[in-house]
Amino acid sequence: MTITPQELTICREIHAGLTSRERSNFNYIFLEPVDASYFPTYLSTVKRPMDLRTLKEHLENGIYANKEEFYADAKLIFDNAVLFNKDRSESSWVVDLAKRMAKAFDRVRKNAEKKAARLAAAAAAADGGGDGDQKPSKVGEKKKGGGDQKASKEGKKKKITLKLKRTKPKTEGVLEEDAPNSSHAQEIAALPKLKRQKSTSSMGENSKASSIDSVCTG
């Protein structure tokens, strides 16, 4: 089993934080392995030596199966320093530096894990965002299409209603005074007969007058 890419990124960021220049006043004695020639009793006291350079080499060479194994070795660096120097009055400053670096490790680890979690969440949202965008879009298109169809049907219905209104015979709107009644119609029909009768009567009277004139003349 090998460490995952995400865990590898976390461990690299932690190591970079521990070896950064901003901590150079505290980390300098932990960057390289302890030279046992200067401390003859070191290896008899510290069973498993560890330092920041060896920690990095193990990480890049695939020694760690997960980030927890890396964390254990990182803390081991500072635990070893406290273990070897805690009873040495002349080395109390080393214990102080080790405790400072242990606290720095906790802070850097938390920050690296939070950053990794944010990146993972953003990647997951980006992967799922495509499907999420397409689905509402289809729903919106469906609603829009339904609205257009409904509007089209209503428009056709209005056109049919207007057409019916235009072709409907105008019977109800006729006023009674405009509609000819039967007596009025009979009077209109009788006008030509009266004119003819009057004309015939006039001709008869003219003929009679002519006859009288002729008698009188004769």
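Values in this document were obtained by computation on a predicted structure and should not be read as measured data. Note that residues are indexed from 1 along each chain, following the sequence as it is written. Confidence filtering applies because this is a predicted model: local features only for residues at pLDDT of at least 70, side-chain atom pairs given and counted only at 80 or more, and all residues used for totals across whole chains, interfaces and linings. Only hydrogens and water are set aside; all other atoms, that is, all heavy atoms of the structure, feed into the side-chain values.

## What about the overall build of the protein?
Operational definition: The helix count covers DSSP runs of H or I at least four residues long, the strand count covers runs of E at least two residues long, and both are numbered beginning at the N terminus. For every residue, the accessible area (1.4 Å probe, protein chains only) is compared with the maximum for its type, and the residue is labelled buried under 20%, exposed over 50%, or partly exposed between those bounds. The contact criterion used throughout is that any non-hydrogen atoms of two residues lie within 4.5 Å. In these tables, accessible area is a Shrake-Rupley quantity obtained with a 1.4 Å probe, and a residue counts as shielded only by the protein chains included in the view.
When you go through the protein residue by residue, the secondary structure sums to 7 helices and 0 strands. Going residue by residue from the N terminus, the α and β elements of the protein occur as α-α-α-α-α-α-α. Here the protein holds 218 residues, and 22% of them are scored as buried. Within the protein, contacts between residues separated by at least 24 positions form 67% of all contacts whose residues are at least 6 apart in sequence. As presented, the protein carries roughly 16,700 Å² of accessible surface, and 55% of it is formed by carbon and sulfur atoms.

## Here's the deal with the nonpolar core
Quick reminder of the rule: Definition used in this section: a nonpolar core is a set of buried Ala, Val, Leu, Ile, Met, Phe, Trp, Tyr and Cys residues joined via side-chain atoms within 4.5 Å.
Ranked by size, the top nonpolar core spans 27 residues in total, and within it I14, F30, L55 and F70 carry the most contacts. Mapped onto this core, the elements with two or more residues apiece are α1 (5–18), α4 (52–60), α5 (67–85) and α6 (92–167). It is α6 that provides the largest number of residues to this core, a total of 8 residues. The contact partners of L55, leaving out residues within four places of it in the chain, are H15, M50, Y64, F70, D73, A74 and I77.

## Here we look at the environment of A65
As for its position among the elements, A65 is in the loop between α4 and α5. When the C-alpha atoms of A65 and E7 are compared, they prove to be 9.7 Å apart, with 58 residues separating the residues in sequence. With residues up to four places along the chain from it excluded, the contact list for A65 reads M1, T2 and I3.

## Examining the confidence of the model for the protein
What counts, and what does not: The predictor reports its confidence for every residue as pLDDT, a score running from 0 up to 100.
With 59% of its residues at a pLDDT of 70 or more, the protein has an overall mean of 77. Every residue in residues 206–218 is under pLDDT 50, and counting partners more than four places away or in other chains gives 0 contacts.

## Concerning α5
Where we set the bar: Multiplying 1.5 Å by the residue count of a helix minus one yields the expected span of that helix. By definition, a residue's bend is the angle between the axes fitted to the seven residues ending there and the seven starting there. Each polar contact in these results corresponds to two N or O atoms within 3.5 Å; when the atoms are within protein, one needs to be able to donate a hydrogen and the other to accept it, and residues that are neighboring in sequence are counted only if both atoms are side-chain atoms.
Look at α5: 28 Å from first C-alpha to last across 19 residues, which is about the 27 Å you get at 1.5 Å a residue. Within α5, the axis deviates most sharply at I77, by approximately 25 degrees. Among the residues of α5, those classed as buried are K67, F70, Y71, D73, A74, L76, I77, F78, N80, A81, F84 and N85. The N-terminus of α5 is capped by N66, whose side-chain oxygen sits 3.1 Å from the backbone nitrogen of E68.

## Digging into the pattern of salt bridges
Rule in force here: Salt-bridge detection follows one rule: a side-chain nitrogen of Lys or Arg within 4 Å of a carboxyl oxygen of Asp or Glu.
A full pass over the atoms with the stated rule returns 11 salt bridges. E60 is the salt-bridge partner of R12, the closest N and O atoms lying 2.8 Å from each other. Here E60 lies in helix α4 and R12 lies in helix α1, a separation of 48 residues in the sequence. Assessed through its relative accessible area of 35%, E60 is described here as partly exposed. Its salt-bridge partner being R100, residue D96 comes within 3.3 Å of it at the nearest N-O pair. Linking D96 with R100, this pair stays in helix α6, spanning 4 residues, or about one helical turn. For D96, a relative accessible area of 39% puts it in the partly exposed group. On the accessibility criterion, R100 (43% relative accessible area) is partly exposed. Each of the salt bridges in this network shares a partner with another, and the network as a whole consists of E7, K67 and E68.

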